[in-house]
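Listed below are the residues making up each chain.
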Amino acid sequence: KALVVKMVKDGLSVMTLAIGDGVNDVSMIQAADIGVSISGEEGLQAVNLSDYAIAQFRFLKKLLLVHGHWSYARNGIMIVNFFYKNIVCIGVLWWFQIYCGWSSTYVFEYTYLLFWNSFWMIA
């Protein structure tokens with residue numbers, strides 16, 4: 001099973017998802033980009049080694065559609081905040097350098113830049 005996942009992953013250059021429920025599926029779950037295990041009667045080794053664990057197969061639809069959508073939205077917001085944070089900081093530096101005649105004078109002390117990044121990481 002793991003060889004099939006690796007063959008598809010390398011041959012087609014795609015992201016793979018493997019779903020398993022027992023010890024015999026552990027290598028397949030680890031070979032995939034995303035491993036989902038179904039907790040059941042065969043033990044918890046697959047659950048302990050997977051990225052996501054669900055109780056029943058019917059919960060897979062909610063995992064992919066709902067949580068996948070939320071992850072996509074969070075990544076989009078994070079990227080917008082990343083660009084906004086850097087554009088604001090570089091914009092201030094740009095205008096300050098025009099004001100100072102391109103003298104390479106610092107407008108911010110280095111610790112303020114650390115606080116700026118920490119503030120945007122929390123926000």
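Located above this text is the structure these notes cover.
Read on for an overview of the structure. (Residues numbered from 1 in each chain as written. Predicted model: local features only at pLDDT ≥ 70, side-chain atom pairs only at ≥ 80, totals over all residues. Heavy atoms only, no water.)

## Here's the deal with the pattern of salt bridges
For side chains of opposite charge, pairing can occur when their charged atoms come near one another.
Thought 1: Considering all chains together, one arrives at two salt bridges under this definition.
Thought 2: Two residues, Lys1 and Asp25, come together in a salt bridge whose shortest N-O distance is 2.6 Å. Taken together, the positions of Lys1 in the segment before α1 (2-12) and Asp25 in the loop between β1 (17-20) and α2 (26-31) put the pair 24 residues apart, joining distant regions of the chain.
Thought 3: What makes Lys1 exposed here is its relative accessible area of 53%.
Thought 4: Asp33 serves as the salt-bridge partner of Lys9, at 3.2 Å between the closest nitrogen and oxygen. (Salt bridge = Lys/Arg side-chain N within 4 Å of Asp/Glu carboxyl O. Helix = DSSP H or I, 4+ residues; strand = E, 2+ residues; numbered from the N terminus. Buried < 20%, exposed > 50% of the residue type's maximum accessible area, 1.4 Å probe, protein only.)

## Side note on the layout of surface pockets
Thought 1: In this structure, the largest pocket occupies an estimated 180 Å³ of space.
Thought 2: Lining the largest pocket we find Leu17, Ile34, Tyr52, Leu63, Leu64, His67, Gly68 and Ser71.
Thought 3: In terms of residue count, the dominant contributor to the lining of the largest pocket is helix α4 (residues 60-99) (five residues).
Thought 4: The residue inventory of the lining of the largest pocket, partitioned by class, reads five nonpolar, three polar and no charged. (1 Å grid on protein atoms, 1.4 Å probe; cavity = no way out; pocket = protein on both sides within 12 Å on 5 of 7 lines; lining within 4 Å. Points joined across faces, edges and corners; volume = space filled by probe spheres on them. Nonpolar A, V, L, I, M, F, W, Y, C, P; charged D, E, K, R; others polar.)

## Observations regarding the packing of aromatic side chains
Thought 1: In the structure shown here, the tally under the stated rule is five aromatic pairs.
Thought 2: An angle of 70° between the planes, with centres 5.4 Å apart, marks the rings of Tyr84 and Trp120 as edge-to-face. Placement of the pair is Tyr84 in helix α4 and Trp120 in helix α5 (residues 110-122), with a sequence separation of 36 residues.
Thought 3: What makes Tyr84 partly exposed here is its relative accessible area of 47%.
Thought 4: Ring centres of Trp94 and Trp102 lie 5.1 Å apart, and the angle between their planes is 70°; on these two criteria the pair is classed as edge-to-face.
Thought 5: Trp94 sits in the partly exposed class, given a relative accessible area of 48%.
Thought 6: When its relative accessible area of 52% is taken as the criterion, Trp102 is described as exposed.
Thought 7: Feature note: the residues Tyr84, Trp116, Phe119 and Trp120 constitute an aromatic cluster, connected by ring pairs. (Phe/Tyr/Trp six-rings, centres within 6.5 Å; stacked < 30°, edge-to-face > 60°.)

## Some details on a nonpolar patch on the surface
Thought 1: Where nonpolar side chains cluster on the molecular surface, the patch consists of Leu17, Leu64, Leu65, Val66 and Trp70 and spans about 450 Å² of accessible area.
Thought 2: Counting residues per element, the nonpolar patch draws most heavily on α4, which supplies four residues.
Thought 3: Structurally, Val66 is set in helix α4.
Thought 4: A relative accessible area of 31% means that Val66 is categorised as partly exposed. (Patch = residues over 30% accessible without salt bridge, like charges linked within 9 Å, V, L, I, M, F, W, Y side chains within 5 Å. Areas by Shrake-Rupley, 256 points an atom, 1.4 Å probe, with all protein chains shown as cover.)

## Regarding the side chain of Ser37
Thought 1: Position of Ser37 relative to the elements: it lies in strand β2 (residues 34-38).
Thought 2: From its side chain, Ser37 meets the backbone oxygen of Ala46 in a polar contact 3.4 Å long.
Thought 3: Setting aside anything within four residues of it in sequence, one finds Ser37 in contact with Gly20, Ile29, Ala46, Val47, Ser50, Tyr52, Ala53 and Ile54. (Polar contact = N/O pair within 3.5 Å; in protein donor to acceptor, adjacent residues only side chain to side chain. Contact = heavy atoms within 4.5 Å.)

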